[in-house]
Structures are given as C-alpha cells and as structure tokens.
Amino acid sequence: MLIEIGHVEAIFRYPVKSMGGERVEAAAMGWHGLDGDRRLAFRRIDDRSGFPWLTASKLPDLLLFAPQRREDGVEGDLPTHVRTPDGDTMPVFGPGLAAEVGRRYGAPVEMMQLKHGIFDEASISVIASDTVCEIGRLAGRSLDVRRFRPNVVVRLLRPGPFQEDEWVGGVLSFGEGDDAPAIAVTMRDARCSMVNLDPDSASPAPEVLKAVVRAHQNTAGIYGAVTRIGRVAVGQTIFLRGATEKGERR
C-alpha cells in the first residue's frame, strides 16, 4: 500500500564534491544518483587512506568555489569551469584550479572524474524541510537547507520533524505510476561538521551539529539507493511503500 507523504520541494546536485551546488527544477535519476551529481572531486595526492577526497570538513573554503558551464550542453553535463572565491574563473581540469585549492588546503590535490560518482554512503540523500526547521529552532538560528547538502528536499503532508526515520527499510517513489523513479531507503544520514558551515560564507556555527546530536542521535535525513530510474521534478508527489510492502523492485 502506497502512502502519500508529501511532495518534492527542491532538488539539488553538486557537480564537484563539497563545492557549491546548483538548484534545479528537474533532474534525471539514474542508477548512480542524479545525473551530474558529485561526478568530480579533488583527490589529496599524499593521502593513502580509503577516503582520499578533499571535503569542506577539511577545507571549508571549498563551499565558496562555484562550478559553471561555459558551453552549451545537455542537462547533466559536467561543469567546464569553476569560479573561485576571489572571482577568478578557471577550467575544471586546469593546473591553476588544482594549484589554488592545494594552496588553500596546504597540500597537493588533483581533480578526478568518476563515472559513477563519489559518495559518502549512498547516491541519493533526502531531507524534510520540517527537520531542517526544527534543527534551526534548537540551534537558535534560521538555517539554509543547503547546509545539509541534500539531493531532494521534501515538503511533508503531515507536519513534524525527523519523519524520515519512518521511511528506513521502505521505498520512496517520486510521482505516480509504475514508471515513477524510486529509491530504497537504506539508512539514516549521520551528520558531520559540514552542517556547521554557512553555504554562502563558509563561516562555522558549531551549535548546528550540537543540536543534531542532542535532538536526534547525530542523524538528520536519509540515504537511498535507486531502484527505478526516471525524472525527478519539483512539485512531484512522493509516496512511501513500507518495509513489509515493497513488492517487486525494478
């Protein structure tokens, strides 16, 4: 049985991991997340760990770099250039951009492209706007949803924060019909210090993560794996099929 839980309020994708994102009205959801999402990332050349990617938790200034497309192309194409915090525009794969990021970080980096994306846990992240508002209330400040780096923001039909927990183990479908794109909700989204960073200034507010820890065991939102591909668009109705009623996955 499908339960209507709300609708798509906003869609974001982040062409370069930890850099500024872009808000879109619609996006193609493939087997590896939204087309054009986190397909590029800076690798820390001297890092030999299992996670060599440079993120804003290590270099907050990354949030202030803005990927751009200078050439005409279909939706989902990779950015061709990046605007730096100083206002310079540099080619994505040019030595100048890598040198600038490496200078700010204090160690050499190189831009990498991965066909299937560079994700922390799963290829789709979802959060409800009510959850963001509650965290902001507890932190004593108005929060921009972009702090949480979601792909999909949900406007809930039934108001109340942290309802995302109820979706774990179930399937969310975006739009109606058997061909609607869908994700299996795999886990709650454990948060890190990135939620403390203002997306426009990169200035920290430690009270944000502290609020998430106190209020909800350091989690806010969910991760999902794509089970049916299609087009996600702002305004689509979102349905939940519970964990015991998933039925056939496509």
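Residues numbered from 1 in each chain as written. Predicted model: local features only at pLDDT ≥ 70, side-chain atom pairs only at ≥ 80, totals over all residues. Heavy atoms only, no water.

1. Here's the deal with the overall build of the protein chain
Right, on to step 1. A tally of regular secondary structure across the protein chain gives 3 helices and 16 strands.
Right, on to step 2. The globule rule puts the C-alpha radius of gyration for 250 residues at 18 Å, and the 18 Å found for the protein chain is close to it.
Right, on to step 3. Oriented by its inertia axes, the alpha-carbon framework of the protein chain measures out at about 55 × 40 × 30 Å.
Right, on to step 4. Looking at the 250 residues of the protein chain, the share that counts as buried comes to 53%.
Right, on to step 5. Put simply, of all contacts in the protein chain between residues at least 6 apart along the chain, 71% involve residues at least 24 apart. (Helix = DSSP H or I, 4+ residues; strand = E, 2+ residues; numbered from the N terminus. Rg over C-alpha atoms; globule rule 2.2 N^0.38 Å. Buried < 20%, exposed > 50% of the residue type's maximum accessible area, 1.4 Å probe, protein only. Contact = heavy atoms within 4.5 Å.)

2. A word on the pairing of strand E12 (residues 171-174)
Right, on to step 1. Side chains Val171 and Ser173 project from E12 onto one buried face, and the interleaved Leu172 and Phe174 project onto a second face that is buried too.
Right, on to step 2. Judged from the 3 bridges that link them, E12 and strand E13 (residues 182-190) form a sheet pairing that is antiparallel. Residue pairing in the sheet places Ser173 in a bridge with Ala182 of E13.
Right, on to step 3. In this structure, E12 lies alongside strand E16 (residues 237-241), joined through 4 bridges in antiparallel fashion. By the bridge assignment for E16, Leu172 is matched with Leu240. (Pairing = 2+ DSSP bridges.)

3. Focus: the packing of helix H2 (residues 129-139) against helix H3 (residues 207-216)
Right, on to step 1. For the pair H2 and H3, interaxial distance at closest approach is 8 Å and the crossing angle is 110°. The orientation of H2 relative to H3 falls into the category roughly perpendicular. Residue-level contacts link Ile135, Leu138 and Ala139 of H2 to Glu207, Val208, Ala211, Val212, Arg214 and Ala215 of H3.
Right, on to step 2. Considering only residue class, the contact of H2 with H3 consists of 7 nonpolar, no polar and 2 charged. (Axes fitted to C-alpha atoms, helices over the stretch in contact; angles between N-to-C directions. Parallel < 35°, antiparallel > 145°, perpendicular 65-115°, else oblique. Nonpolar A, V, L, I, M, F, W, Y, C, P; charged D, E, K, R; others polar.)

4. With respect to the sheet that holds strand E6 (residues 66-68)
Right, on to step 1. The strand order across the open sheet built from 3 strands is E6-E7-E8, with neighbouring strands paired in antiparallel fashion. Strands at the two margins of the open sheet, each flanked by one partner only, are E6 and strand E8 (89-91). In this sheet, neighbouring strand axes are inclined to one another by 30° on average, regardless of whether the strands run parallel or antiparallel.
Right, on to step 2. Of the pairings in the sheet, the one linking E6 to strand E7 (residues 81-83) comprises 3 bridges and is antiparallel in character. Bridge assignment links Ala66 to a residue of E7, and that residue is Arg83.

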